[in-house]
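Read off the chains here:
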Amino acid sequence: MTNMLEVADLGHTYGEHQAIAGLSFNVGAGELVCVVGPSGCGKSTLLRTISGLITPSHGSVDLNGDHLAVVFQDYSRSLFPWLSVQGNVEFPLRRTTKRAERRRRAAEALEWVGLTDAAKKNPWQLSGGMQQRVAIARALAYQPSLLLMDEPFASVDAQTRFELEDLLLKVRRELGATVLVVTHDIDEAVYLGDRILVLSGSPARLVADLKVDLPAVRDQVTTRTDEKFVTLRSRVARLLNVGKPTVDIAKWAAAERESLAEEALADR
Ligand SMILES: Nc1ncnc2c1ncn2[C@@H]1O[C@H](COP(=O)(O)OP(=O)(O)OP(=O)(O)O)[C@@H](O)[C@H]1O
């Protein structure tokens, strides 16, 4: 499999604070890889270095192809309210693609995400889930070599989240897109991913690179109750405890006994 993304010994430091350290991994063409890690560990920093928004202090990022699209969590800030849905989807193509081709690609992308009828509306006339579909359509119309998604479904309700997860799996299957998704949701990572990269607490290091051994076609009910799904979810949850301080059970139990004894004395 050709690698679309190669990350080697990547590190980044903000002033004194080291956010990520020694990260190395590849993403193959057509793969969907999820990144999970404790809150604040450096996941967004990783995406920002991959997308070129920040220059890493150390290591390298090699992208096979020059088209990269990013979908952020906050759809309300990533869409232009004064442009129609179609205008938003066409926007990244305005300098590189002729008008007729822009129209065609926007119409096709809106069809993929089920928003053909909303093309002439403005984003603020749509629900949150529909706005995030527009953001996904815009990314797909760009035909990216790599699609980066930063907590893409974290701002929508649970039902819409399931629908958007299924939409992502569908377009990814049909288009063969290569996708890297950052999520704080372990279940989502197992449901969506071909692989899961588990990061440690700050500075983020790679704790595990796990293969998701589930069928390519998944559904919210059957897949989530599959024994392999449940086992992998527990494994990721256990791994996410790496780097966190553990409770000293013996000390805790002794302190509990002492405080119970004091309470008993006070009650006499
Ligand atoms: N521009 C910045 N300047 C200084 N420190 C920063 C900057 N951006 C992030 N950090 C720090 O780097 C660390 C990693 O931040 P980052 O946003 O990458 O983590 P994250 O895993 O995406 O967080 P979350 O799970 O909350 O979304 C945090 O301690 C954060 O405070």
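Not measured: the values here are computed from a predicted model.

Draft legend 1. Highlighting the overall build of the protein chain. Secondary structure summary: the protein chain contains 10 helices and nine strands in total. Counting over 268 residues, the protein chain shows a buried share of 45%. Considering only contacts within the protein chain whose residues lie at least 6 apart along the sequence, 72% involve residues at least 24 apart. Accessible area of the protein chain: about 13,800 Å², with a carbon and sulfur share of 52%.

Draft legend 2. Seen up close, the state of the cysteines. All chains considered together, the criterion is met by zero disulfides. The structure places no disulfide on C34, whose sulfur is separated from the nearest cysteine sulfur, that of C41, by 14 Å. Overall, C34 belongs to the buried group, its relative accessible area being 0%.

Draft legend 3. Up close: the packing of aromatic side chains. A full pass over the atoms with the stated rule returns two aromatic pairs. Geometrically, the ring pair formed by F80 and W82 is tilted, given 5.1 Å between the ring centres and 35 degrees between the ring planes. Between F80 and F91, the aromatic rings sit 4.7 Å apart at their centres with planes inclined by 65 degrees, giving edge-to-face as the arrangement. Of this pair, F80 sits in the loop between α2 (75-78) and α3 (85-90) while F91 is found in the loop between α3 and α4 (99-112), placing the two residues 11 residues apart along the sequence. Every member of this aromatic cluster is reached through a ring pair, and the members are F80, W82 and F91.

Draft legend 4. Looking closely at the confidence of the model for the protein chain. Per-residue pLDDT for the protein chain averages 89, and the proportion of residues at 70 or more is 90%. Across the assembled chains, the prediction reports ipTM 0.96 with pTM 0.87.

Draft legend 5. View of the side chain of S200. In this structure, S200 sits in the loop between β8 (195-199) and β9 (206-211). In this structure, S200 is in contact with P38, C41, R205 and V207, ignoring residues within four places of it in sequence.

Draft legend 6. Region of interest: the site of the ligand. Residues in close proximity to the ligand include Y14, H17, A19, S39, G40, C41, G42, K43, S44, T45 and R48, which together make up its full environment. A distance of 2.9 Å separates an oxygen atom of the ligand from a polar atom in the backbone of G42. One of the side-chain N or O atoms of K43 is found 2.8 Å from an oxygen atom in the ligand. Contact with the protein chains removes 57% of the 630 Å² of surface that the ligand exposes when unbound. Where the shell around the ligand is concerned, the elements lending two or more residues are β2 (17-28) and α1 (43-51).

Draft legend 7. Main features of the nonpolar core. Ranked by size, the top nonpolar core spans 53 residues in total, and within it I136, M149, I196, V198 and V236 carry the most contacts. Ranked by residue count, the leading element in this core is helix α5 (residues 128-141), at seven residues. Other than its neighbours up to four places away in sequence, V236 contacts V36, I186, I196, V198 and L210. Counting 21 residues, the second largest nonpolar core, distinct from the first, contains L5, V7, V27 and I50.

Draft legend 8. Inspection of the pairing of strand β1 (residues 3-14) at higher detail. Sheet topology note: the β1/β2 ladder contains eight bridges and is antiparallel. When the sheet's bridge partners are listed, Y14 is paired in β2 with H17. Two successive antiparallel strands, β1 and β2, enclose a turn made up of two residues, where G15 displays a positive phi of approximately 55 degrees. Relative to strand β4 (residues 58-63), β1 runs antiparallel, the two sharing five bridges. In the strand pairing of β4, E6 is matched with D62.

Reading guide: rules and limits
- Every chain's residues receive numbers from 1 upward, in the order its sequence appears when written.
- Residues qualify for local features only when their pLDDT is at least 70, as the model is predicted, and side-chain atom pairs are given and counted only at 80 or more; totals for whole chains, interfaces and linings, by contrast, use all residues.
- Side-chain metrics rest on all non-hydrogen atoms present in the structure, leaving aside hydrogens and water.
- Numbered from the N terminus, helices here are DSSP runs of H or I no shorter than four residues, and strands are runs of E no shorter than two.
- Buried residues are those whose accessible area, probed at 1.4 Å on protein chains only, stays under 20% of the maximum for their type, while exposed residues exceed 50% and partly exposed ones sit between those limits.
- By the convention used here, residues are in contact when the closest approach between their heavy atoms is within 4.5 Å.
- Every accessible area reported is derived by Shrake-Rupley at a probe size of 1.4 Å, with residue values counting cover from the shown protein chains alone.
- To count as a disulfide, a pair of cysteine sulfur atoms needs to be within 2.5 Å.
- The aromatic pairing rule takes the rings of Phe, Tyr and Trp, using the six-membered ring of Trp, and pairs them if the centres are within 6.5 Å, calling planes under 30 degrees apart stacked, those over 60 edge-to-face and the rest tilted.
- The pLDDT value expresses, per residue, how confident the predictor is, ranging between 0 and 100.
- The near set for a molecule or strand comprises every residue that places at least one heavy atom within 4 Å of it.
- N or O atoms within 3.5 Å of each other form a polar contact, as long as, within protein, one can give a hydrogen and the other can take it, and as long as residues adjacent in sequence are counted only when both atoms are side-chain atoms.
- For our purposes a nonpolar core is just a set of buried Ala, Val, Leu, Ile, Met, Phe, Trp, Tyr and Cys residues, chained together by side-chain atoms within 4.5 Å.
- Two strands qualify as a pair provided DSSP detects at least 2 bridges between them.

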